[in-house]
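Observations on chain architecture
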Amino acid sequence: MIKPFEKKVWLATPTMHGDELRYMTEAYETNWMSTVGKNINEVERLTCEYVGCKYAVGLSAGTAALHLAMKLAGVKPGDKVLCSDMTFDATVNPVVYEGGVPVFVDIETDTWNMSPEALEKAFELYPESKVVVIANLYGTPSRLEEIKAICQKHNAVLVEDAAESLGATYKGKQTGTFGDYGVISFNGNKIITGSSGGMLMTDSLDAANKVRKWSTQSRENAPWYQHEELGYNYRMSNVIAGVVRGQFGYLDEHIARKKAIYMRYKEGFADLPVSMNPYIEGDMEPNFWLSCILIDKEAMCRQVRSENEALYIKEDGKTCPTEILETLAKYNAEGRPIWKPMHMQPIYRMNPFVTADGNGRCRTNAYIDCGDVTDVGADIFNRGLCLPSDIKMTEEEQDKVIEIVKSCF
Ligand SMILES: *Cc1c(COP(=O)(O)O)cnc(C)c1O
């Protein structure tokens, strides 16, 4: 009999080290309790240094950075924007803030990120598209060179949502630097955090200056509050920047811990009919933000999901994400379903969706059997889940999580 965890084992929570408090206190004691100050300057400098971009602008959230990236990319009402389909909705909502129409592009099985083939197909179907938004899911880089080359061929601006992938590299180069504009997030559960906060990265001085201006209500250079264009209150707080500044020195340590967790799961599940969230070894070094598993098709028990409920039929030797998530919860551990693809979301159901085979969405609502349609996102959502990946989880706790997952088969 496995006993429940006395202390909850979490998916991903902030891990503080002490330096954060020192920099926050410095902001307090010097009275830079504002959206101006040394912590912000330092965090922007540290980001450029670590990631290797020319300019970084500290903002209130990753979502704010994505919004301003849409403005930089020139998204206008009615414009179609080609977006990664399987992601957190913060990747695509900013398209709609600017009146754009997201066209969802299916992911690929090798990285769970946008499929270059599906992107080519999307440009065939929507040649007028001028902007592409990709996400590096769970800390795994997309096929960045291929995607970038396709965008260049079609003269499209590439926005790279690296909110989950800070510190991950593709062919030795940091994620967030492949797009014209890169975005990171310092939200509470990310690899390093400020409690909230975000960053826009670019090599264009003009773009960086625009973001600085727009994020501070677009004040013109005048003795009074003079405004020529629409502004936003999106700048990062100097107190929050203090937290991020303190965390930065621990980024590599966090990545090493996350990688150890991923590898331990991989080893622990070697005999089970499951695989881990994939990446292309040699080309990619993820930051291993979340460890996820995908249950083999043959090992899936029957599971049906409505818009807000799930049911499954228990079968010996088989399981499904719903059963594993319920079992983890029973033992006081937190898992999470894979991001539900955007083309399956009620808000975006009427938007176009492009698969690599060009057939588009699965016709059945429940996505149980899609027939000839290869809807990779729906399939991974069906069979995958995220496991506790908290840096503070002990090896003993992780071993128990592994036992709990095994007990579901
Ligand atoms: C967290 C996240 C965001 C949003 O970042 P916030 O700082 O929470 O606004 C955007 N995209 C992805 C993929 C994310 O995981």
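Remember, predicted model here, so these are calculated numbers, not experimental data. (Residues numbered from 1 in each chain as written. Predicted model: local features only at pLDDT ≥ 70, side-chain atom pairs only at ≥ 80, totals over all residues. Heavy atoms only, no water.)

A few words now on the sheet that holds strand S17 (residues 384–386). As a general point, the strands of a sheet are linked pairwise by backbone hydrogen bonds and lie either parallel or antiparallel. Reading across the sheet, the four strands line up as S10-S12-S17-S15 and stay open at both edges, with antiparallel pairing between neighbours. The open sheet has two edge strands, strand S10 (274–276) and strand S15 (336–337), and neither has a second partner. Across two bridges, S15 lies against S17 in antiparallel orientation. Following the sheet pairing, Pro337 is matched in S17 by Leu385. (Pairing = 2+ DSSP bridges. Helix = DSSP H or I, 4+ residues; strand = E, 2+ residues; numbered from the N terminus.)

This part covers the environment of Val96. Position of Val96 among the secondary structure elements: in helix H4 (residues 93–97). Taking the relative accessible area as the measure of exposure, Val96 reaches 39% and is therefore partly exposed. Distance in space between the C-alpha atoms of Val96 and Gly78 is 9.3 Å, their sequence separation being 18 residues. Every residue in contact with Val96, bar those within four places of it in the chain, is listed here: Pro102 and Tyr348. (Buried < 20%, exposed > 50% of the residue type's maximum accessible area, 1.4 Å probe, protein only. Contact = heavy atoms within 4.5 Å.)

Attention now goes to the packing of helix H9 (residues 251–268) against helix H12 (residues 395–407). Axis separation between H9 and H12 bottoms out at 10 Å; the angle between their running directions is 40°. On the basis of their axis angle, the class for H9 and H12 is oblique. In terms of crossing hand, the pair formed by H9 and H12 is right-handed. Of H12, the residues touching H9 (which contributes Ile261, Arg264, Tyr265 and Gly268) are Glu395, Gln398, Asp399, Val401, Ile402 and Lys406. (Axes fitted to C-alpha atoms, helices over the stretch in contact; angles between N-to-C directions. Parallel < 35°, antiparallel > 145°, perpendicular 65-115°, else oblique. Left-handed = near helix turned anticlockwise from the far one by under 90°.)

Next up on the list: the packing of helix H10 (residues 321–330) against H12. The geometry of H10 relative to H12 is characterised by a closest axis approach of 9 Å and an angle of 135° between their N-to-C directions. With respect to each other, H10 and H12 are oriented oblique. In the crossing of H10 with H12, the sense of the turn from one axis to the other is right-handed. Contacts between H10 and H12 involve Ile324, Thr327 and Leu328 from the first element and Val401, Ile404, Val405 and Ser407 from the second. When grouped by side-chain class, the residues that make up the contact of H10 with H12 number five nonpolar, two polar and no charged. (Nonpolar A, V, L, I, M, F, W, Y, C, P; charged D, E, K, R; others polar.)

Here the focus is the domain arrangement of the chain. By a widespread convention, an interface's size corresponds to the accessible area lost as its parts come together. Domains assigned within the chain are domain 1 (19–248) and domain 2 (251–407). Of note, the centres of domain 1 and domain 2, computed from C-alpha atoms alone, are 26 Å apart. On the side of domain 2, 42 residues touch domain 1, which itself brings 49 residues to the contact. Summing the contributions of domain 1 and of domain 2, the shared interface buries around 3800 Å²; its carbon and sulfur component is 65%. Of all residues in domain 1, Trp112, Tyr138 and Ile191 bury the most surface against domain 2, accounting for 23% of the area lost on that side. The interface formed by domain 1 and domain 2 includes zero salt bridges. For the side of domain 1 that touches domain 2, the elements supplying multiple residues, two or more each, are H4, strand S3 (101–105), helix H5 (116–125), strand S6 (169–170) and helix H8 (238–248). Grouping the constituent residues of the side of domain 1 that touches domain 2 by class yields 25 nonpolar, 13 polar and eleven charged. (Domains from an automatic or database assignment. Buried area = accessible area lost by both parts, 1.4 Å probe. Salt bridge = Lys/Arg side-chain N within 4 Å of Asp/Glu carboxyl O.)

Right, let's talk about the site of the ligand for a bit. Close contacts around the ligand come from 15 residues, with Thr63, Asp161, Glu164, Ser185 and Lys190 the closest. One of the side-chain nitrogen or oxygen atoms of Thr63 is found 2.5 Å away from an oxygen atom of the ligand. Here an oxygen atom of the ligand and a side-chain polar atom of Ser185 are 2.7 Å apart. Bound to the protein, the ligand loses 93% of the 380 Å² it would expose on its own. Among the elements that make up the shell around the ligand, the one with the highest residue count is helix H3 (residues 62–72) (three residues). Here the shell around the ligand is built from residues that sort into five nonpolar, seven polar and three charged. (Near = heavy atom within 4 Å. Polar contact = N/O pair within 3.5 Å; in protein donor to acceptor, adjacent residues only side chain to side chain. Areas by Shrake-Rupley, 256 points an atom, 1.4 Å probe, with all protein chains shown as cover.)

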